[in-house]
Amino acid sequence: MRLSFSRELLISIANKESACCRIFSMNRQDQVITLIVILLVITFTCLSFFLFPNIGNTAEEKTIILPKLHKAAEENIAVPPPPFSEDIFPCSDCHGGRATNPQRRKLDEPHDNIVFEHDAQHRWCLDCHNATDRDKLHLANGTLVDFKESYILCGQCHGDKLRDWKVGVHGKRMGSWNGKKTYLLCVHCHNPHSPRFKPLQPLPPPVHLNKPKILSH
Amino acid sequence: MEQNHSQTDSGQCPVSRRHFLKGAAGVISALALGACDAKKLEELMQKHFHEMSKEELARAIARLESEYAEKYKTAIKVDATGPMEHTLFGYALDLSRCIGCRRCVYACVKENNLPREPQIHWIRVLELDKEKGVDLAHANSYYDAETVPREGHFYMPVACQHCKHPPCVKSCPVSATWKEPDGIVVIDSNWCIGCRCCMAACPYGARHFNWADPQIPPNEINTNTHYLGNRPRYKGIVEKCSYCIQRTRQGLYPACVEICPVGARKFGNLLDPESEIRYAMETKRVFILKEELNTQPSFFYFYSL
């Protein structure tokens, strides 16, 4: 319907037959009548905006004043502390006096539990951990990063994920949708040494109400 | 005969037919109840939610609270907080992330006092074939496995879509269900007559019927409830997701958002351009379920990859 209507309109415009053009080809009397009608329509339309201010505004289409935005969104977000295992932090307790060994190797106590499978061909511990101050991480350019901000480190190589994380689409926000939130670090969900998200055991399926008792034997 | 009488009478009688019937019904039921059960009578005479004054609503709530206290042996708070201004709730679920672990299903059960017996789940998680895509005809919600996700499958949780044009609301003969200004489609459990027209009308299977008196272990009751949401329900009425109205109207995320271990669930104000839900809608591939029905859900599915 709408399609054919607009096509006709297009054709009439193409043929220069629009209403406007036709007025000039009318006789005097018709011209006057047409103009009066047009004037009347215009005045009535203008008036109607004052008389019926709600015209065309259904309840759903009311002008919406946007809410006061939480401009300081970042300030409203708290990040829970890094999920260290017990007694591992500060690292400097042990590493303070230890010589650094940058060799790729099978690690002994206390790190024998670390399985490293994060782009392991190309990477090793000290690409992320700082050699001299073991309580810090470091970026490719040498900038030190606190464990509380390890997402900056991850963002170096996973920029798209960091961007989505910052706006709340990757990862998870908790707390208040219009106020204070907490935001999990990347490492709350991804083990930095073996980052693939681990499969979970599902909770039980719903009871099948329609399954006849006899068949369930 | 009957009809004739009422027609001739209506002109002269000082008591209108409607009033008379209402009074008579009240008296008869009061007699039937032994006339002494004032609470039952009050329940019977309760007005529609929209027609109750503040005082009447407060009275109805006090009545419910004492009724619940008696039944569940704990103090249950029934709140009736209204919608916030300039708020239109929306939900977005990331299908690239969901792994079908059903944590949300049971967080919802707990938060919203869902009947454990006979079991009702407001959220159903569908397991779908990656090869077939979103093909509801082959969805399976009864999957069980050691671990999820299962090879070759993806998962799609479905609950009430809080449509802009909710067919369930249109189909309710007694206006026991309606759409609130903040977008939540609610049910008044005391007004529902259990005809289940809404269940037939809902294309998402989101509404559930209490076939028997809903059983909840008293120590698992969430005592923080809303009149239009998670307060305990009754036998013979319909219930469904309320976007955790008791939480979201206090500014909190719904329980399913809080529990989701993969962070697939996004909730917020669609009118707030800085909300995560708006960002998802503006930058990701988004779709709605059964778009062709023009129900216009406020629940969106998206792919972050």
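Residues numbered from 1 in each chain as written. Chains lettered and ligands numbered in written order. Predicted model: local features only at pLDDT ≥ 70, side-chain atom pairs only at ≥ 80, totals over all residues. Heavy atoms only, no water.

### Let's talk about a nonpolar patch on the surface
Where nonpolar side chains cluster on the molecular surface, the patch consists of Val32, Ile36 and Leu40 of chain A and spans about 270 Å² of accessible area. Counting through the fold element by element, isoleucine 36 of chain A comes out in helix 3 (residues 28-51). (Patch = residues over 30% accessible without salt bridge, like charges linked within 9 Å, V, L, I, M, F, W, Y side chains within 5 Å. Areas by Shrake-Rupley, 256 points an atom, 1.4 Å probe, with all protein chains shown as cover. Salt bridge = Lys/Arg side-chain N within 4 Å of Asp/Glu carboxyl O. Helix = DSSP H or I, 4+ residues; strand = E, 2+ residues; numbered from the N terminus.)

### Details of the sheet that holds strand 1 (residues 77-78) of chain A
All names here are of chain A. Spatial ordering of the open sheet is given by 1-5-4, a layout of three strands whose pairing is mixed. Each edge of the open sheet is held by one strand with a lone partner, namely strand 1 and strand 4 (173-175). Note that strand 1 and strand 5 (residues 181-183) share two bridges and pair parallel. When the sheet's bridge partners are listed, alanine 78 is paired in strand 5 with threonine 182. (Pairing = 2+ DSSP bridges.)

### Quick notes on the packing of aromatic side chains
Summed over the entire model, instances satisfying the criterion amount to 20 aromatic pairs over all chains. Ring geometry for tryptophan 165 of chain A against tyrosine 183 of chain A: centres 4.6 Å apart, planes inclined by 15°, an arrangement best described as stacked. In this pair, tryptophan 165 of chain A sits in helix 6 (residues 159-166) while tyrosine 183 of chain A sits in strand 5, placing the two residues 18 residues apart along the sequence. On the basis of an interplanar angle of 45° and a centroid distance of 5.2 Å, the ring pair of phenylalanine 299 of chain B and tyrosine 301 of chain B is categorised as tilted. Residue tyrosine 301 of chain B is classed as buried on the basis of its relative accessible area of 0%. An aromatic cluster of at least three residues, connected via ring pairs, comprises Trp177 of chain A together with Phe89, Tyr91, Tyr243, Phe267, Phe287, Phe299, Tyr301 and Tyr303 of chain B. A cation over a ring is seen here: arginine 102 of chain B above tyrosine 143 of chain B, with NZ or CZ 3.9 Å from the ring centre. (Phe/Tyr/Trp six-rings, centres within 6.5 Å; stacked < 30°, edge-to-face > 60°. Buried < 20%, exposed > 50% of the residue type's maximum accessible area, 1.4 Å probe, protein only. Lys NZ or Arg CZ within 6 Å of the ring centre and 35° of its normal.)

### Comments concerning the nonpolar core
All names here are of chain B. Counting residues in each nonpolar core, the largest one holds 72 residues, and the members touching the most others are Ile123, Met156, Tyr227, Tyr243, Phe267 and Tyr301. The set of elements that each furnish at least two residues to this core consists of helix 4 (54-72), strand 2 (89-94), helix 5 (103-111), strand 3 (124-129), strand 4 (153-158), strand 6 (185-187), helix 9 (255-259) and strand 12 (299-303). It is helix 4 that provides the largest number of residues to this core, a total of six residues. Taken domain by domain, this core gets at least three of its residues from each of domain 1 (7-79) and domain 2 (81-305). Apart from residues lying up to four places away in sequence, methionine 156 is in contact with Leu95, Arg124, Val125, Leu126, Leu128, Val134, Leu136, Phe287, Leu289 and Tyr301. Grouped together as the second largest cluster of nonpolar side chains are eight residues, Tyr279, Ala280, Phe300 and Phe302 included. (Core = buried A, V, L, I, M, F, W, Y, C linked by side-chain atoms within 4.5 Å. Domains from an automatic or database assignment. Contact = heavy atoms within 4.5 Å.)

### What to know about the interface of chain B and chain A
Each side of the interface is counted separately: chain B has 46 residues, and chain A has 36 residues. Carbon and sulfur atoms make up 59% of the surface buried where chain B meets chain A, a total of about 3800 Å² over both sides. Counting the surface chain B buries against chain A, the share from its top three residues, Tyr142, Glu274 and Tyr279 of chain B, is 16%. At the surface where chain B touches chain A, the tally comes to two salt bridges. Class assignment of the residues belonging to the side of chain B that touches chain A gives a composition of 23 nonpolar, 11 polar and 12 charged. (Buried area = accessible area lost by both parts, 1.4 Å probe. Nonpolar A, V, L, I, M, F, W, Y, C, P; charged D, E, K, R; others polar.)

### Focus on the pattern of salt bridges
This structure, assessed with the given rule, holds 16 salt bridges over all chains. Across the pair arginine 247 of chain B and glutamate 111 of chain B runs a salt bridge, and its minimum N-O distance is 3.9 Å. In this pair, arginine 247 of chain B is assigned in helix 8 (residues 245-248) and glutamate 111 of chain B in helix 5, connecting sequence segments 136 residues apart. Grouping residues by exposure puts arginine 247 of chain B and glutamate 111 of chain B together as buried. As a salt-bridge pair, arginine 233 of chain B and glutamate 239 of chain B come within 2.9 Å of each other at their nearest N and O atoms. Like glutamate 239 of chain B, arginine 233 of chain B is buried. One salt-bridge network, held together by shared partners, links Arg163 and Asp164 of chain A together with Lys284 of chain B.

### As for the domain arrangement of chain B
All names here are of chain B. We note that the domain assignment places domain 1 (7-79) and domain 2 (81-305) within chain B. Counting residues at the interface gives 19 residues for domain 1, matched by 23 residues for domain 2. Applying the counting rule to domain 1 against domain 2 returns one salt bridge. Looking at the side of domain 1 that touches domain 2 residue by residue, the class counts come to nine nonpolar, three polar and seven charged.

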